[in-house]
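Architecture at a glance
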Amino acid sequence: MSQSHALLGDPKHAIDLALFGALGDLAMRKLFPALYQLDREGLMPESTRIMGLARQEHDTAAFRQLVNGALQKRLKKEEQDKESLTRFLSRLDYLKLDFTNAEGFEAVRQWREGANRPMVVYLSVAARIYGDICHNLQASDSLDDDTRVVVEKPIGYDLASSKEINDAIGAVFPESRIYRIDHYLGKETVQNLIALRFANPLFGTQWNQNHISHVEITVAEKVGIEGRWGYFDEAGQLRDMVQNHLLQLLCLIAMDPPSNLDADAIRDEKVKVLKALKPFTGEALGRDVVRGQYIAGTSNGQAVPGYLEEEGANPQSQTETFVAMKIEVTNWRWAGVPFYLRTGKRLPEKLSQIVIHFRQQPHYIFDPDQRGIASNKLIIRLQPEEGIALQVLTKDSGLDKGMRLRQGPLHLDFNSVFPKARIPDAYERLLLEVMKGQQYLFVRRDEVEHAWRWCDQLIDGWKAREAAPRRYPAGSWGPVASIAMITQDGRSWYEDY
Ligand SMILES: NC(=O)C1=CN([C@@H]2O[C@H](COP(=O)(O)OP(=O)(O)OC[C@H]3O[C@@H](n4cnc5c(N)ncnc54)[C@H](OP(=O)(O)O)[C@@H]3O)[C@@H](O)[C@H]2O)C=CC1
Ligand SMILES: O=C1O[C@H](COP(=O)(O)O)[C@@H](O)[C@H](O)[C@H]1O
């Protein structure tokens, strides 16, 4: 974890970044804007160089133009200053390379010749070619003992394929130099979870089954599959979002306090949570898990197609675009506390939030009609507006109200508390940590594999049941069954959006 701001932008954090897949969607939409912002904020050491690698024919000037176009599209007007743009673009070079063919990698070695800063290899390509790239880099003698590798999610399709990919990366790089990205770990509020839980005795003492009745995690996306049918249809929402982002959020909520903030201390605690996730048996699978797929509906007031009508779609596909589930964490801290998770595409809002529902007082003395609101809730909002709100009960004001209760927030809205601060994109934070060589926001191999092990049993159960996903109209909150799943426990999804 960053100890001192004085270190940021320090020349000793200079790197050579080799960005494989530099013309792809992620690079253009997220990585170049994040790198530009780091440079603009003065956090990118002067000598840092960036090499974009992909297989299309371009020279450096044309590549810089493409990146410039992407930046113009993604950045706000006030973020585009000429000096920063010129400086950033001048760091970029381009190398045309087929990543699966060893021959061209000699050019990477030549680029690195004489460089006196570590290389960061960022693999923004499909995971199935991570192994080839690592191997070809090693065979061409392009690596040294300081080289770090950053890999994107999802790593594989199941436990077996993730092991193969991790083995292939591990044959070239030690774990201490592998940075597995889960961009949710770079989001400002996600990091705040660590501060909130472990710096505040108020929460530290209450964070268990004695005081918490249940937890909700919602990651709702308004978008559909955005032209990524080929990738998404093989994955589905469970592999795309739950195996990584939602399970990471669950781990940060459920883990025991680490003994310090070192990467491994945090990751050891997350692994214990993953090992404690209860697998779904046949009966629980039908009752506690809901799969859905969107049909035509509306978004932003416009008609939008169903999943099976998207460009390139296979009209027979049974892939889920929505999942809701009730998960048990089988340990002393969480016994009897359900974690309700839901995530889906084409929902009405882009909304990621965690709601911690505290238990009611053991003896209730107020108006019987208000019993339903008489508990505290902690709402941790990741997006769209980052913030943390604690719903507390006070007496309603007014002479005629008697001892009526009023539920209202003690509110920490990051935009109003830090009005001048720009909240950095997750990738900015993560790229900065890679530059500094710090791993605590990255996922260790055993985390990935335990998450896959748990997802695999769920997917096997789905296959055995052969149940089609439930349909939901685009623009709705998912299949009705996902509401029934929580109401059968006498609860409801938190709806104060
Ligand atoms: N896009 C997103 O929002 C997210 C993506 N990810 C992950 O990030 C990674 C990249 O995704 P994304 O940007 O969407 O993928 P894209 O397919 O859009 O980009 C991949 C890039 O790599 C190039 N490429 C692929 N194979 C080769 C090869 N053999 N030799 C040379 N160049 C090659 C492609 O070139 P060409 O165009 O010529 O095929 C393209 O420039 C994936 O692992 C994905 O799972 C993770 C989270 C979100
Ligand atoms: O990893 C992914 O995340 C995005 C959602 O990320 P967010 O930061 O916009 O919430 C999702 O759309 C994509 O399918 C998935 O691969």
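Residues numbered from 1 in each chain as written. Chains lettered and ligands numbered in written order. Predicted model: local features only at pLDDT ≥ 70, side-chain atom pairs only at ≥ 80, totals over all residues.

1. As for helix H9 (residues 229-254)
Where H9 bends most, the angle comes to about 100 degrees, and this point is Gly-236. A large share of H9 lies buried, amounting to 20 of its 26 residues. (Bend = angle between axes of the 7 residues up to and from the residue. Helix = DSSP H or I, 4+ residues; strand = E, 2+ residues; numbered from the N terminus. Buried ≥ 20, exposed ≤ 12 C-beta atoms within 10 Å, placed from the backbone.)

2. Points about the domain arrangement of the chain
Domain assignment breaks the chain into domain 1 (5-152) and domain 2 (185-487). Taking only C-alpha atoms into account, the centre of domain 1 sits 32 Å from that of domain 2. At the junction of the two partners, domain 1 supplies 12 residues and domain 2 supplies 10 residues. Those elements that provide at least two residues to the side of domain 1 that touches domain 2 are helix H1 (25-40) and strand E5 (148-151). Considering each element in turn, the side of domain 1 that touches domain 2 owes the most residues, six residues, to H1. Here the residues of the side of domain 1 that touches domain 2 are counted per class, giving eight nonpolar, two polar and two charged. (Domains from an automatic or database assignment. Contact = placed C-beta atoms within 7 Å. Nonpolar A, V, L, I, M, F, W, Y, C, P; charged D, E, K, R; others polar.)

3. A few points about the site of ligand 1
Among the 21 residues in the neighbourhood of ligand 1, the closest are listed as Gly-21, Gly-24, Leu-26, Arg-55 and Glu-152. With three residues, the top contributor of residues to the shell around ligand 1 is H1. (Near = placed C-beta within 6 Å.)

4. Points about the nonpolar core
With 119 residues, the main nonpolar core has Ala-18, Leu-19, Phe-20, Leu-123 and Leu-250 as its most contacted residues. Residue contributions to this core peak at 11 residues, all from H9. When residues of this core are sorted by domain, at least three fall in each of domain 1 (5-152) and domain 2 (185-487). If we skip the residues at most four places from it in the chain, Leu-19 touches Ala-27, Leu-31, Ile-50, Met-51, Gly-52, Leu-53, Tyr-122 and Ser-124. (Core = buried A, V, L, I, M, F, W, Y, C linked by C-beta atoms within 7 Å.)

5. Quick word on the UniProt feature "active site" (unreviewed entry) in the chain
Mapped onto this numbering, the UniProt entry annotates "active site" (unreviewed entry) at His-245. With respect to the helices, strands and loops of the structure, His-245 is situated in helix H9. When sequence neighbours within four positions are dropped, the list of residues in contact with His-245 reads Asp-182, Tyr-184 and Val-219. (UniProt positions renumbered as here; feature names shortened; annotations may be inferred.)

6. Side note on the packing of helix H7 (residues 188-199) against H9
For the pair H7 and H9, the least separation of the axes is 9 Å and the interaxial angle reads 20 degrees. The angle between H7 and H9 falls in the class roughly parallel. As H7 packs across H9, the resulting crossing turns out to be left-handed. Residues Val-190, Leu-193 and Ile-194 of H7 touch H9, and the partners they reach there are Leu-249, Leu-252 and Ile-253. (Axes fitted to C-alpha atoms, helices over the stretch in contact; angles between N-to-C directions. Parallel < 35°, antiparallel > 145°, perpendicular 65-115°, else oblique. Left-handed = near helix turned anticlockwise from the far one by under 90°.)

7. What about the pairing of strand E8 (residues 289-295)?
Within E8, six of the seven residues are buried, which leaves it mostly tucked inside the rest of the structure. Pairing geometry for E8 and strand E11 (residues 322-327), over four bridges, is antiparallel. Within the sheet, the bridge partner assigned to Arg-291 lies in E11 and is Val-323. One ladder, built from four bridges, connects E8 with strand E17 (residues 470-473); its direction is parallel. By the bridge assignment for E17, Tyr-294 is matched with Tyr-472. (Pairing = 2+ DSSP bridges.)

8. Remarks on the sheet that holds strand E3 (residues 92-96)
Ordered by their spatial adjacency, six strands build an open sheet running E3-E2-E1-E4-E5-E6, and the pairing between neighbours is parallel. What marks the edges here is a single partner per strand, and that holds for E3 and strand E6 (178-180). Neighbour-to-neighbour, the strand axes of this sheet turn through a mean angle of 20 degrees, independent of strand direction. Bridge analysis of strand E2 (residues 49-54) against E3 gives five bridges, and the strand direction is parallel. Within the sheet, the bridge partner assigned to Ala-54 lies in E3 and is Lys-96.

9. A look at the environment of Lys-350
Note that Lys-350 resides in the loop between strand E12 (339-344) and strand E13 (351-358). Through-space distance from the C-alpha of Lys-350 to that of Lys-278 is 29 Å; in sequence the pair is 72 residues apart. In contact with Lys-350, not counting residues within four places along its chain, are Ala-220, Glu-221, Lys-222, Gln-383 and Pro-384.

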